[in-house]
Amino acid sequence: MQQQRSKTPSIPPQTGFMKILHSLIIISLFLMIGSIIPVLVLTIVSGLAMYQPAQLHWLLSLFINWQILRTAHFLTVPISLIFGLVHVIMGLRVGGLRLTQSMFRP
């Protein structure tokens, strides 16, 4: 009697290079999440402090003075805009306009 072969394809064993590559991908994801979220929060907080300094004086005091607040805001806003623009471009390149529109349809 012949052995029946499994219908599921066998998964090749991971090489050392593949294990290193997968580890680097996971580490880079943690670094990206750990770096862009504080930048986005700093952009919003500094923008709010500049928008209403009289009402949010406690928020303004976190930045010590107005110049540090302005510097923090004007450094983080372009980073946030570039981050958003790069992700829009990547979405358009991968799935085109159809994929992008499907994200906003109910």
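Residues numbered from 1 in each chain as written. Predicted model: local features only at pLDDT ≥ 70, side-chain atom pairs only at ≥ 80, totals over all residues. Heavy atoms only, no water.

### Observations concerning helix α1 (residues 16–51)
Three or four residues apart is the spacing at which side chains of an α-helix point the same way, because the helix has 3.6 residues per turn.
Okay, so step 1: Here α1 spans 53 Å end to end across 36 residues, near enough to the 52 Å set by a 1.5 Å rise per residue.
Okay, so step 2: Within α1, the full set of buried residues consists of Ile36, Val39, Thr43, Ser46 and Ala49.
Okay, so step 3: Check the buried side of α1 and you find it contacts α2 (57–61) and α3 (66–102). (Helix = DSSP H or I, 4+ residues; strand = E, 2+ residues; numbered from the N terminus. Expected span 1.5 Å × (residues − 1). Buried < 20%, exposed > 50% of the residue type's maximum accessible area, 1.4 Å probe, protein only. Contact = heavy atoms within 4.5 Å.)

### Here we look at the packing of α1 against α3
Okay, so step 1: Where α1 contacts α3, the axes come no closer than 8 Å and their chain directions differ by 130 degrees. By the angle class used here, α1 and α3 are oblique. As α1 packs across α3, the resulting crossing turns out to be left-handed. Of the residues in α3, those touching α1 at Ile36, Val39, Leu40, Leu42, Thr43, Ser46, Gly47, Ala49 and Met50 are Trp66, Leu69, Arg70, Ala72, His73, Phe74, Thr76, Val77, Ile79, Ser80 and Phe83. (Axes fitted to C-alpha atoms, helices over the stretch in contact; angles between N-to-C directions. Parallel < 35°, antiparallel > 145°, perpendicular 65-115°, else oblique. Left-handed = near helix turned anticlockwise from the far one by under 90°.)

### Looking at a nonpolar patch on the surface
Okay, so step 1: Together, Phe17, Met18, Leu21, Ile25, Leu29 and Met32 make up a nonpolar patch on the protein surface, roughly 570 Å² of accessible area in all.
Okay, so step 2: Inspection of the secondary structure puts Leu29 in helix α1.
Okay, so step 3: On the basis of relative accessibility, which here comes to 43%, the residue Leu29 falls in the partly exposed class. (Patch = residues over 30% accessible without salt bridge, like charges linked within 9 Å, V, L, I, M, F, W, Y side chains within 5 Å. Areas by Shrake-Rupley, 256 points an atom, 1.4 Å probe, with all protein chains shown as cover. Salt bridge = Lys/Arg side-chain N within 4 Å of Asp/Glu carboxyl O.)

### A closer look at the side chain of Ser80
Okay, so step 1: Residue placement: Ser80 occurs in helix α3.
Okay, so step 2: For Ser80, a relative accessible area of 16% puts it in the buried group.
Okay, so step 3: Apart from residues no more than four positions distant in its own chain, Ser80 is found in contact with Val39, Leu40 and Thr43.

### Side note on α3
Okay, so step 1: Taking 1.5 Å as the rise per residue, α3 with 37 residues should run 54 Å; its terminal C-alpha atoms sit only 43 Å apart, a clear shortfall.
Okay, so step 2: The largest bend in α3 comes to about 115 degrees, at Gly95.
Okay, so step 3: For α3, every residue scored as buried is listed here: Leu69, Ala72, His73, Thr76, Ser80, Gly91 and Thr100.
Okay, so step 4: Of the surrounding secondary structure, the elements contacted by the buried residues of α3 are α1 and α2.
Okay, so step 5: Looking at where α3 begins, the residue whose side-chain oxygen comes 3.3 Å from the main-chain nitrogen of Gln67 is Asn65. (Bend = angle between axes of the 7 residues up to and from the residue. Polar contact = N/O pair within 3.5 Å; in protein donor to acceptor, adjacent residues only side chain to side chain.)

### Examining the confidence of the model for the protein chain
Okay, so step 1: Summing up the model confidence of the protein chain, the mean pLDDT is 84 and the portion of residues at 70 or higher is 88%.
Okay, so step 2: When mean pLDDT is taken per element in the protein chain, α2 scores highest with 89 and α1 scores lowest with 85. (pLDDT = per-residue confidence, 0-100.)

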